[in-house]
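So you can see what is in the structure, the chains are spelled out below.
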Amino acid sequence: MEAPEMQLLPKHGTKLDNDATVLVAMPPRNFWPPLTAIRCHHLHNVRCGPHITLLDPFVAPSHFSSAADYIKPRLLQAVGGPFNVTLSKLQFFQHSAEHQTVWIQPDSEDDKLSKLQAVLYKGFPQCDDVNTMSNKGFTAHLSIAKFYNLAETKSALLQLQRIWKPITWELTEIYMAHRLDNDTFQVLQAVSLVPVEQPQFGPAWQPGDNQEDLRLACSLFVGHLNHDEDTVEALKVICSGYDVKCCEVVKNPDGTSRYPLTVAEFKLFADCR
């Protein structure tokens, strides 16, 4: 039996007028290194890890919980559970003669990723930006680079495709994320496609035993500070009661500060919390 349709009253589902909330799919962190290596070199002011946008903008964070309750049974009905996603072929969007985005095409068995997005769009038709920005409708993609010259874009696409090694991961959940002003996105809600929920991101996430998980869990990201040496020293003073490994300003590929992000890395997870 189909789940009854939910009445999406404006007060329960008004789309935000900016991209401060999003609904995305993300590969697990152990698949991030090759993606991050490219993105950190070719993208400025990144505010989110490698992701496939499903709805952007999404509804206000105060409605995430009810949205998750609405979404989950419909997703399970549409795609049946977790499924594999493969990142292999590189393409690019040409926004204008002076602006292009290189992206990796995510392929899924039986086109389940598109089916999943269609369910989300049907449930939240007011969040229609990714479906209406092109006459082709929704195009699943994972952005890895931006360029501002068409010849440079085509050359980079060929080079990146030559070095790119396809990766396949099992999509077990999707994420509702929010940011304040220019801060980085924070996952606030995970919607799982498996009966036992063990979120890979968000408030319920717990670090595993691998070194990268532990490093991330021990890192405190601080926004809205001036990006200079005095700020780093001030952050060290603020954290001086704890065992801190380092404090640093996050940089863009050209060496400029990635506003407004500063990081303090602690030795102990408990101190960071």
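Here the structure is a predicted model, which means the values were calculated and not measured. (Residues numbered from 1 in each chain as written. Predicted model: local features only at pLDDT ≥ 70, side-chain atom pairs only at ≥ 80, totals over all residues. Heavy atoms only, no water.)

A. View of the pattern of salt bridges. All told, the structure shown has one salt bridge when counted by the stated rule. We note a salt bridge from Lys 115 to Asp 110, for which the minimum N-O separation is 2.8 Å. When its relative accessible area of 36% is taken as the criterion, Lys 115 is described as partly exposed. (Salt bridge = Lys/Arg side-chain N within 4 Å of Asp/Glu carboxyl O. Buried < 20%, exposed > 50% of the residue type's maximum accessible area, 1.4 Å probe, protein only.)

B. Representation of the pairing of strand S4 (residues 99-108) within the structure. Across the ten residues of S4, seven count as buried, placing the element largely inside the fold. Examined bridge by bridge, strand S3 (residues 83-96) and S4 share nine bridges and lie antiparallel to one another. Looking at the pairing, Ser 96 lines up with His 99 of S4. Following S3, the chain reverses through two residues before pairing antiparallel with S4. As paired elements, S4 and strand S5 (residues 142-147) share five bridges and run antiparallel to each other. When the sheet's bridge partners are listed, Val 102 is paired in S5 with Ala 145. (Helix = DSSP H or I, 4+ residues; strand = E, 2+ residues; numbered from the N terminus. Pairing = 2+ DSSP bridges.)

C. Broad picture of the confidence of the model for the protein chain. Model confidence for the protein chain is summarised by a mean pLDDT of 82, while 79% of its residues fall at 70 or above. Residue range residues 1-12 is modelled with pLDDT below 50. Its contacts to residues more than four positions away, or to other chains, number 16 contacts. (pLDDT = per-residue confidence, 0-100. Contact = heavy atoms within 4.5 Å.)

D. The arrangement of the environment of Ala 151 in detail. Topologically, Ala 151 is positioned in helix H6 (residues 150-163). Ala 151 sits in the exposed class, given a relative accessible area of 56%. Along the sequence, Ala 151 and Ala 97 sit 54 residues apart, while their C-alpha atoms lie 9.9 Å from each other.

E. Geometry of the pairing of strand S7 (residues 173-178). Counting buried positions over the six residues of S7 gives six, a clear majority of the element. Here S7 shows two buried faces, one formed by Glu 173, Tyr 175 and Ala 177 and the other by Ile 174, Met 176 and His 178. In the sheet, strand S1 (residues 21-25) pairs with S7 via four bridges, with the strands oriented antiparallel. Opposite Val 22, over in S7, you have Ala 177 as the bridge partner. Relative to strand S8 (residues 186-192), S7 runs antiparallel, the two being bridged by six bridges.

F. Spotlight on helix H3 (residues 64-79). Relative to the 22 Å expected for 16 residues at 1.5 Å per residue, H3 spans 21 Å between its end C-alpha atoms, a close match to the ideal helical length. Bending of H3 peaks at approximately 25° at the position of Ile 71, with proline Pro 73 no more than four residues after it. Those residues of H3 not exposed but buried are Phe 64, Ala 67, Ala 68, Tyr 70, Ile 71, Arg 74, Leu 75 and Val 79. Of the surrounding secondary structure, the elements contacted by the buried residues of H3 are S1, S3, helix H4 (112-123), S7 and S8. Gly 80 occupies a position one or two residues after H3 and carries a positive phi of about 80°. (Expected span 1.5 Å × (residues − 1). Bend = angle between axes of the 7 residues up to and from the residue.)

G. Geometry of the sheet that holds S8. Overall, antiparallel pairing links the four strands, which are arranged S2-S1-S7-S8 in an open sheet. Strands at the two margins of the open sheet, each flanked by one partner only, are strand S2 (52-55) and S8. Strand-to-strand twist in this sheet, taken as the mean axis angle between neighbours without regard to direction, amounts to 35°. Its contacts with the sheet put H3 on S1, S7 and S8, and the angle it makes with S8 is roughly 30°. Against the sheet, H4 engages S1, S2 and S7, with an angle of about 30° to S2. (Axes fitted to C-alpha atoms, helices over the stretch in contact; angles between N-to-C directions.)

H. Up close: the sheet that holds S5. With respect to topology, four strands assemble into an open sheet ordered S5-S4-S3-S6, the strand pairing being antiparallel. Looking at which strands have only one partner, the edges of the open sheet turn out to be S5 and strand S6 (167-171). When strand polarity is set aside, the average angle formed by the axes of neighbouring strands in this sheet is 35°. Along the sheet, H6 contacts S3, S4 and S5; its crossing angle with S3, the most-contacted strand, is approximately 165°.

I. Inspection of the nonpolar core at higher detail. With 46 residues, the main nonpolar core has Phe 58, Ile 71, Leu 116, Ile 144, Leu 171 and Ile 174 as its most contacted residues. Among the elements that make up this core, the one with the highest residue count is H3 (seven residues). Sequence-distant contacts of Leu 116, that is, excluding residues within four places in its chain, are made with Leu 54, Leu 75, Val 79, Phe 83, Leu 171, Ile 174 and Leu 193. Val 24, Trp 32, Ala 177 and Phe 185 belong to the second-largest nonpolar core, a separate cluster that totals ten residues. (Core = buried A, V, L, I, M, F, W, Y, C linked by side-chain atoms within 4.5 Å.)

J. Representation of H6. In this model H6 runs 20 Å from its N-terminal to its C-terminal C-alpha over 14 residues, within 8% of the 20 Å that 1.5 Å per residue would give. Structurally, H6 contributes buried residues whose contacts are with helix H2 (32-42), S3, S4 and S5. Where H6 begins, one side-chain oxygen reaches toward the backbone nitrogen of Ala 151, 3.0 Å away; that side chain belongs to Asn 149. (Polar contact = N/O pair within 3.5 Å; in protein donor to acceptor, adjacent residues only side chain to side chain.)

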